[in-house]
Amino acid sequence: MGQDSIVIVGGGLAAATTVNELREQGHTGTISLIGQEQELPYERPPLSKGYLQGNDKLEDFTVNPASWYQEHNVQLHLGVRAEKIDRENQQVSLSDGSTVDYDQLVLATGARPNLGGKQPFEGHDLPGVHLLRTVEQARALRETLSEDTQLAVIGSGWIGMEVAASARSRGARVTVYSPDEVPLAKVFGDRFGHHLLELHQRNGVDVRTSTRVDSIQETDGHLEVVSSAGTSRADVVLLAIGAVPNIELAHEAGLKTERGVIVDASLRSSDPKILAIGDIAEAFNTSLRRQLRVEHWDNAIRQGKLAAATLLGQDQNYDWAPYFFTDQFDLGMEYVGYSAPEDISVVRGDTETGEFIVFWLSEGKVTAAMNVNIWDVNDTLRGVLGKSIDQERLTDQSVDLAEL
Ligand SMILES: Cc1cc2nc3c(=O)[nH]c(=O)nc-3n(C[C@H](O)[C@H](O)[C@H](O)COP(=O)(O)OP(=O)(O)OC[C@H]3O[C@@H](n4cnc5c(N)ncnc54)[C@H](O)[C@@H]3O)c2cc1C
């Protein structure tokens, strides 16, 4: 196995982490990385935060410099798309007409912005309407943001809300269109949803809740957002209505796919020579005892490492709780666990102060926890997951977190 020729399709964080880990663990066989973007693999969270604000540079969040790949003898095929997998001959066809042979193949093709399903959102392709997934798209959006800009953000998920905050920091006037009564409340509960909503309102974002956008129109050289609340003018629009996993390559190769590529706890697909990781993987989580697909930075890193372990014949499993983070204005938070909308939530601390912890519980057991503007506690919170702890103890600040 140490000599296997390994091909990794996808030039994102999950792919780059697998490469790093393989070489770190002494894999000596050929490694080829195929990525359709021109850039070296980079992390995406800064695209809606520091990079959009103009504070971070691409090299700050590029996983490895070009020299690293050379020194570690990794064959990079950038700006090239993997178009077909021939499973019988263990070969991948690329958009430049070449082919690459593999002993083992890792798919890490990530996700793309949702354009609205089978019937794309009317006006998504107009000039001035932006999507956000790549550094190129972030650069194009950043160039439009100034004090003279009226930005309309369609969608109030994490990316929409983060972009709203970053655009305000560049002085733009921002309207967010949210189909929900309270953004993100379906997942995080009303209390945290309101907290976030008020944070945005305090910072001058016009959040139009319970508002459905029907289309984007171009009239007399400017854009108009047509919604259930009427028609409003915008200079720039960001369509941020979720992401779609890039599973077509796997599906067309006959691998089992549902909402993602179905993989087992060691990340092997229905073809044991092919693994899938990161945003596309619908993997069996041994702690939660269910298939799970998550679109988080931490997952791309952890699954990248696990894939390397599997490729090298080690017996490891996908057994950790999901984790993610966000930064908006002066709010930073980390969430760990997996809660269902019907779980009850309790708050430790005072939301008014902006520093608090939320726990979610189901049948008395902690399913998830979120620290807001309180740092270096997330590992402790991870340790609380799955435990039966009295709600009063959870919320009693005189009880040390570590004691829980
Ligand atoms: C703007 C933004 C902000 C985010 N912020 C956060 C955050 O704050 N916290 C958090 O936890 N997560 C965040 N995320 C999510 C996180 O970035 C993703 O979960 C992570 O990037 C997934 O990594 P990946 O390697 O699976 O996929 P990706 O990073 O999407 O990389 C996949 C790569 O594969 C390429 N590719 C696709 N198909 C092919 C093909 N056929 N051939 C060759 N290459 C192909 C793609 O072009 C892409 O370069 C954010 C995402 C975005 C877009």
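Residues numbered from 1 in each chain as written. Predicted model: local features only at pLDDT ≥ 70, side-chain atom pairs only at ≥ 80, totals over all residues. Heavy atoms only, no water.

This next bit is on the side chain of glutamate 39. The residue glutamate 39 is located in the loop between strand S2 (31-35) and helix H2 (50-53) in this model. No salt bridge is formed by the buried glutamate 39; its nearest oppositely charged neighbour, arginine 139, is found at 4.3 Å. Look past the residues within four positions of glutamate 39 in its chain and what remains in contact with it is Leu58, Leu78, Val135 and Arg139. (Helix = DSSP H or I, 4+ residues; strand = E, 2+ residues; numbered from the N terminus. Buried < 20%, exposed > 50% of the residue type's maximum accessible area, 1.4 Å probe, protein only. Lys, Arg positive; Asp, Glu negative; His and termini not counted. Salt bridge = Lys/Arg side-chain N within 4 Å of Asp/Glu carboxyl O. Contact = heavy atoms within 4.5 Å.)

This part is about the domain arrangement of the protein. Taken domain by domain, the protein holds domain 1 (6-110 + 246-311), domain 2 (129-239) and domain 3 (330-403). A straight line from the C-alpha centre of domain 2 to that of domain 3 covers 29 Å. Listed by partner, the interface residues are nine residues for domain 2 and 14 residues for domain 3. Between domain 2 and domain 3, roughly 900 Å² of surface is buried when both sides are summed, and carbon and sulfur atoms account for 71% of that area. (Domains from an automatic or database assignment. Buried area = accessible area lost by both parts, 1.4 Å probe.)

A separate point is the site of the ligand. Around the ligand sit 35 residues in total, of which Glu37, Arg44, Lys49, Arg133 and Asp279 are the nearest. Contact distances for the ligand include 3.4 Å between an oxygen atom and a backbone N or O atom of glycine 11. In isolation the ligand exposes 1,000 Å². Once the protein is present, 96% of that is buried. Residues belonging to the shell around the ligand are distributed by class as follows: 16 nonpolar, 11 polar and eight charged. Two domains each donate at least three residues to the shell around the ligand, and these are domain 1 (6-110 + 246-311) and domain 2 (129-239). (Near = heavy atom within 4 Å. Polar contact = N/O pair within 3.5 Å; in protein donor to acceptor, adjacent residues only side chain to side chain. Areas by Shrake-Rupley, 256 points an atom, 1.4 Å probe, with all protein chains shown as cover. Nonpolar A, V, L, I, M, F, W, Y, C, P; charged D, E, K, R; others polar.)

Okay, unusual backbone geometry next. The phi torsion at serine 210 lies on the positive side, around 50°, for a residue other than glycine. Along the polypeptide, serine 210 turns up in the loop between strand S12 (206-208) and strand S13 (213-219).

Attention now moves to the packing of aromatic side chains. For the coordinates displayed, the defined rule picks out 13 aromatic pairs. Taking the centre distance of 6.0 Å and the plane angle of 70° together, the rings of phenylalanine 188 and phenylalanine 324 count as edge-to-face. Here phenylalanine 188 is found in helix H6 (residues 185-202), whereas its partner phenylalanine 324 is found in strand S22 (residues 323-328), with 136 residues between them in sequence. Exposure class is identical for phenylalanine 188 and phenylalanine 324. Each is buried. Here the aromatic cluster, defined as three or more aromatic residues joined through ring pairs, consists of Trp158, Phe188, Phe192, Phe324, Tyr335 and Trp360. Here arginine 142 stacks its cationic end above the ring of tyrosine 51, 4.2 Å away from the centre of that ring. (Phe/Tyr/Trp six-rings, centres within 6.5 Å; stacked < 30°, edge-to-face > 60°. Lys NZ or Arg CZ within 6 Å of the ring centre and 35° of its normal.)

With that settled, the discussion passes to the nonpolar core. By size, the foremost hydrophobic cluster in this structure holds 52 residues, and its most contacted members are Val9, Leu105 and Leu107. Sequence-distant contacts of leucine 107, that is, excluding residues within four places in its chain, are made with Val9, Ile85, Leu249, Ala250, Leu255, Ile274, Leu275, Ala276, Ile277 and Ile280. Grouped together as the second largest cluster of nonpolar side chains are 43 residues, Leu184, Ala240, Phe356 and Val372 included. (Core = buried A, V, L, I, M, F, W, Y, C linked by side-chain atoms within 4.5 Å.)

We now examine the UniProt feature "domain: Reductase C-terminal" (unreviewed entry) in the protein. The UniProt record marks residues 323-404 with the feature "domain: Reductase C-terminal" (unreviewed entry), using the residue numbering of this structure. The distance from the first to the last C-alpha atom of residues 323-404 is 20 Å, and the span holds 15% helix and 44% strand. (UniProt positions renumbered as here; feature names shortened; annotations may be inferred.)

At a minimum axis separation of 11 Å, helix H5 (residues 158-169) and H6 run at an interaxial angle of 25°. Regarding the angle of H5 to H6, the classification is roughly parallel. Like other packed secondary-structure pairs, H5 and H6 cross with a definite hand, here left-handed. Contacts between H5 and H6 involve Trp158, Met161, Ala164 and Ala165 from the first element and Phe188, Phe192, Leu196 and His200 from the second. Its residues placed into classes, the contact of H5 with H6 shows seven nonpolar, one polar and no charged. (Axes fitted to C-alpha atoms, helices over the stretch in contact; angles between N-to-C directions. Parallel < 35°, antiparallel > 145°, perpendicular 65-115°, else oblique. Left-handed = near helix turned anticlockwise from the far one by under 90°.)

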